[in-house]
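Examination of the molecular architecture
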Amino acid sequence: MIFADHLGFCYGVKRAIHIARQSAQNPPAYTLGSIIHNPQMVERLKSEGIGVVENLDEVSEGTIIIRSHGVAPKIYDEIRRKGLNLIDATCPHVKKAQLSAKSLVDEGYQVVIIGEKNHPEVKSIFEWSDQKATIIESESEAQNFPEVDRLGIVSQTTFSRKKFSDIVLILLEKSRDMKILRTICDATEHRQIAAIDLASKVDLMLVIGGKNSANTSRLASLCAQKVQTYHVETAAEIDPNWFKGAKKIGITAGASTPDWVIEEAGQTVLSIDSQ
Ligand code: SF4
């Protein structure tokens, strides 16, 4: 069994959880949406007194923690208007993408966000562009994008590097004045590179993390291009039958997967190996 060189919690997730735990000292405290895309961690924080609300209407007092994915500028206004205590755990890399989109709009660029339309982070970057950006998530959408005088590009922080480059190559034909602000974060890049590297050396890859986590799902799809890959949320989903005939097992995990979930999966694989 081999673990990827880079896996598990990233800086932004560690920071957000640390901030949330500090906020729990002044209850009631709620995250606006799940703090990270990992159900096991969300449940653990709930047991520590940090609830989750999907809408500010559900809260009349206490602290609102903005999660690492960030939110629209109007949400900050609404939290203050309601007199709630605001704790901002937006990852600094996401904040950079949000402010980059805003500055490109202010400079007069037609802005494109390369990312998944339904991802909360992408929605927040769109809001920071004053809803003026176009979100592109595929090569075909890039081909259909019109020619414009000035084109500014930012990315979802957890987008695939390879796909980002492919889409940018197409968009290069769409404008003579382009400004590309590379906002894919290092943690994402390192995890993707390490996962692809490991997947090319083993007989089977296990990718551990939330099924609702975009960066974990991306690791699984990248590994699947190299070798048989299974994406599990916890050790309980691991099926011993998967490992028949597989000598080398690789393990990686998304940026929102807690250490203890990775360790449990590793222990399960070891116990299957020794049978
Ligand atoms: S993956 Fe990158 S951008 Fe997202 S929370 Fe982690 S460090 Fe921040």
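Only a predicted model underlies this, so the values are computations on that prediction, with no experimental measurement involved. (Residues numbered from 1 in each chain as written. Predicted model: local features only at pLDDT ≥ 70, side-chain atom pairs only at ≥ 80, totals over all residues. Heavy atoms only, no water.)

Some points on helix α1 (residues 11-23)
Each α-helix turn comprises 3.6 residues. Residues three or four places apart therefore point the same way. Between its first and last C-alpha, α1 extends 18 Å over 13 residues, near the 18 Å set by a 1.5 Å rise per residue. Those residues of α1 that fall on the buried side of the exposure criterion are G12, V13, A16, I17, I19, A20 and S23. Viewed along the axis of α1, the buried residues span an arc of 160 degrees, placing them on a single side of the element. Looking at the buried positions of α1, the neighbouring elements they touch are β2 (29-32), α2 (39-47), β3 (50-53), β4 (63-66) and β5 (85-88). (Helix = DSSP H or I, 4+ residues; strand = E, 2+ residues; numbered from the N terminus. Expected span 1.5 Å × (residues − 1). Buried < 20%, exposed > 50% of the residue type's maximum accessible area, 1.4 Å probe, protein only. Arc of directions from axis to C-beta. Contact = heavy atoms within 4.5 Å.)

Remarks on helix α8 (residues 186-199)
The terminal C-alpha atoms of α8, which comprises 14 residues, lie 20 Å apart, in line with the 20 Å expected from a rise of 1.5 Å per residue. Buried within α8 we find A187, T188, E189, R191, Q192, A194, A195, L198 and A199. Summarising the contacts, the buried residues of α8 are in contact with β1 (2-3), α7 (161-171), β10 (204-208), α9 (214-224) and β12 (249-253).

Comments concerning the domain arrangement of the protein
When its domains are assigned, the protein resolves into domain 1 (11-91), domain 2 (93-184) and domain 3 (187-273). Its C-alpha centre places domain 1 at a distance of 27 Å from the equivalent point of domain 2. Facing 14 residues of domain 1, the contacting portion of domain 2 comprises 11 residues. Interface area lost by domain 1 to domain 2 is led by H69, P73 and C91, which between them contribute 46%. At the junction of domain 1 and domain 2, the tally comes to two salt bridges. Between K95 and D88 there is a salt bridge, with its nearest N and O atoms 3.5 Å apart. Top element by residues in the side of domain 1 that touches domain 2 is helix α3 (residues 73-81). It accounts for three residues. (Domains from an automatic or database assignment. Buried area = accessible area lost by both parts, 1.4 Å probe. Salt bridge = Lys/Arg side-chain N within 4 Å of Asp/Glu carboxyl O.)

Regarding the packing of aromatic side chains
Aromatic ring pairs are described here by two measures, namely the spacing of the ring centres and the angle between the planes. Within this structure, the stated rule accounts for three aromatic pairs. Between the aromatic rings of Y76 and W128, the centroid separation amounts to 6.3 Å while the plane-to-plane angle is 85 degrees, which identifies the pairing as edge-to-face. Of this pair, Y76 sits in helix α3 while W128 sits in helix α5 (residues 120-128); the two residues are 52 residues apart in sequence, bridging distant segments of the chain. The class of Y76 is buried, set by a relative accessible area of 8%. Overall, the relative accessible area of 16% leaves W128 in the buried class. Between W242 and F243 the ring centres are 6.4 Å apart and the planes differ by 50 degrees, which places this aromatic pair in the tilted class. (Phe/Tyr/Trp six-rings, centres within 6.5 Å; stacked < 30°, edge-to-face > 60°.)

Observations regarding the pairing of β2
Inspection of the sheet shows β2 paired to β3 by four bridges, in the parallel sense. If you follow Y30 over to β3, its bridge partner there is G51. For the crossover that starts at β2, traverses α2 and ends in the parallel β3, the hand is right-handed. For β2 and β4, the ladder comprises three bridges, and the chain directions are parallel. For T31, the partnering residue across the bridge sits in β4 and is I65. (Pairing = 2+ DSSP bridges. Right-handed = clockwise from strand over helix to strand, strands pointing away.)

Description of the pattern of salt bridges
Considering all chains together, one arrives at 16 salt bridges under this definition. Between D130 and K132 there is a salt bridge, with the nearest N and O atoms lying 3.5 Å from each other. By relative accessible area, which is 52% here, D130 ends up exposed. Each of K117, E137 and E141 takes part in a single network of salt bridges with overlapping partners.

Focus on the nonpolar core
Core analysis: the largest hydrophobic core is formed by 18 residues, its most contacted members being I17, I35, I36 and I65. Elements with a contribution of two residues or more to this core: α1 and α2. Considering every element that reaches this core, the biggest residue donor is α1, with five residues. Other than its neighbours up to four places away in sequence, I36 contacts F9, V13, I17, M41, V42, S68 and S256. Counting residues in hydrophobic clusters, the runner-up holds 17 residues, among them I208, V232, I251 and V261. (Core = buried A, V, L, I, M, F, W, Y, C linked by side-chain atoms within 4.5 Å.)

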